[in-house]
Amino acid sequence: MFTGIIETTGTVRGVEDRDTTRRFTIEAPDIAGELKPGESVAVDGACLTVVTPDARGFTVDVIGTTLERTIAGRYADGTRVNLERAMKMDGRLDGHLVQGHVDGLAYLEQTMKDGEFWRMDLRLPPEVSATTVIHGSITVNGVSLTVSDFLDEDRIQIGLIPFTWDHTNLGDQEPGAALNVEADLIGKYVGKILSSRIRTTPA
């Protein structure tokens, strides 16, 4: 479980295609010394397992399903990624409950500077839009954010303060970029319960 509060960013420094997986080496000196094999790290919001840590970073293996459902399949040498280690049960939940299970890809339509902060318009996949509410939480590339506005059924607007812009990779994104999105956990469970009741209610 994660919080959506990014600890640091890392840089992809190696991509190795294997028979059924793809191995990424991620340079992340800020957290590398504290990692152990088998630990979970959210990489752009996708929960991945540390295979081999060292003094400069760590490696992860990514299987086909994750490569298809997330932006990991687009990583190349030099890609900047958002990183968060799993939350501690005695820590503060500064963001919101994030599983690290990416629900789909959103696409950035435009970014606008508005005074001292930025607005980003995103087109969501239908399965994420269905459980997203205005002023609710959403995770974008692992970052816990608040939905500022719904522009239409599948399009939302989010706001980024200068700290988030400077300390995550969201400020690197250009229009058309794909972004990992995870819908609000509570919204997903409520949606599932309601849809099950509708299917089982006699006509």
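Peer 1: Lay out the overall build of the protein with the relevant residues and their values.
Peer 2: Looking only at helices and strands, the protein features 5 helices and 12 strands. Scaling as 2.2 N^0.38, a compact globule of 203 residues should have a C-alpha radius of gyration of about 17 Å, and the protein matches this with 17 Å. Principal-axis analysis of the C-alpha atoms places the extent of the protein at approximately 60 × 50 × 35 Å. Evaluated residue by residue, the protein yields a buried proportion of 43% over its 203 residues. Long-range contacts, defined here as pairs at least 24 residues apart, represent 68% of the contacts in the protein between residues at least 6 apart. Of the charged side chains in the protein, 20 are positive and 31 negative; the average position of the first set lies 4 Å away from that of the second.

Peer 1: Explain the pattern of salt bridges residue by residue, including any values.
Peer 2: Using the criterion set out here, one finds 12 salt bridges in the structure. Arginine 123 is the partner of glutamate 109 in a salt bridge, and the nearest nitrogen-oxygen pair spans 3.2 Å. With glutamate 109 in strand β7 (residues 104–114) and arginine 123 in strand β8 (residues 117–123), this residue pair connects regions lying 14 residues apart in the sequence. Note on glutamate 109: relative accessible area 30%, which makes it partly exposed. Residue classification places arginine 123 among the partly exposed residues on the basis of a relative accessible area of 37%. In this structure, arginine 119 engages aspartate 114 in a salt bridge whose closest nitrogen and oxygen atoms are separated by 2.8 Å.

Peer 1: Just give me the short version of the sheet that holds strand β11 (residues 155–160), but keep the residues and values in it.
Peer 2: Strand order in the closed barrel formed by 6 strands is β7-β8-β11-β10-β9-β12, with antiparallel pairing between adjacent strands. Here the strands of the sheet are splayed against their neighbours by 45° on average, with no regard to which way each runs. Inspection of the sheet shows strand β9 (residues 137–140) paired to strand β10 (residues 143–152) by 4 bridges, in the antiparallel sense. Residue isoleucine 138 lies in a different strand from β10, and its bridge partner there is leucine 145.

Peer 1: Just give me the short version of the pairing of β11, but keep the residues and values in it.
Peer 2: In terms of burial, β11 is largely enclosed, as 5 of its 6 residues are buried. Where β8 lies against β11, 6 bridges are found, and the strand directions are antiparallel. Note on β11: the bridge partner recorded for arginine 123 is arginine 155. Counting the residues that bridge the hairpin from β10 to β11 gives 2 residues.

Peer 1: Account for empty space enclosed by the protein, with residues named and values stated.
Peer 2: Enumeration over the complete set of coordinates arrives at 1 cavity of 30 Å³ or more. Estimates place the volume of the largest cavity at around 30 Å³. The wall of the largest cavity is formed by Phe2, Gly4, Ile6, Ala42, Gly45, Glu84, Val98, Thr139 and Gly142. Grouping the constituent residues of the lining of the largest cavity by class yields 4 nonpolar, 4 polar and 1 charged.

Peer 1: Explain a nonpolar patch on the surface residue by residue, including any values.
Peer 2: A surface patch of nonpolar side chains, about 250 Å² in accessible area, is lined by Met1, Leu93 and Leu97. Within the secondary structure, methionine 1 sits in the segment before β1 (8–17).

Peer 1: Hey, could you go over the pairing of β1 for me, with residue numbers and the actual values?
Peer 2: Pairing analysis gives 4 bridges linking β1 to strand β6 (residues 80–85), with the strands arranged antiparallel. Paired with threonine 9 across the strands is asparagine 82, a residue of β6. Judged from the 6 bridges that link them, β1 and strand β2 (residues 21–27) form a sheet pairing that is antiparallel. Bridging across to β2, valine 15 finds its partner in phenylalanine 24. Turn length for the β1-β2 hairpin, with the two strands adjacent in sequence and antiparallel, is 3 residues.

Rules and cut-offs
Residues numbered from 1 in each chain as written. Predicted model: local features only at pLDDT ≥ 70, side-chain atom pairs only at ≥ 80, totals over all residues. Heavy atoms only, no water. Helix = DSSP H or I, 4+ residues; strand = E, 2+ residues; numbered from the N terminus. Rg over C-alpha atoms; globule rule 2.2 N^0.38 Å. Buried < 20%, exposed > 50% of the residue type's maximum accessible area, 1.4 Å probe, protein only. Contact = heavy atoms within 4.5 Å. Lys, Arg positive; Asp, Glu negative; His and termini not counted. Charge placed at Lys NZ, Arg CZ, Asp CG, Glu CD. Salt bridge = Lys/Arg side-chain N within 4 Å of Asp/Glu carboxyl O. Pairing = 2+ DSSP bridges. Axes fitted to C-alpha atoms, helices over the stretch in contact; angles between N-to-C directions. 1 Å grid on protein atoms, 1.4 Å probe; cavity = no way out; pocket = protein on both sides within 12 Å on 5 of 7 lines; lining within 4 Å. Points joined across faces, edges and corners; volume = space filled by probe spheres on them. Nonpolar A, V, L, I, M, F, W, Y, C, P; charged D, E, K, R; others polar. Patch = residues over 30% accessible without salt bridge, like charges linked within 9 Å, V, L, I, M, F, W, Y side chains within 5 Å. Areas by Shrake-Rupley, 256 points an atom, 1.4 Å probe, with all protein chains shown as cover.

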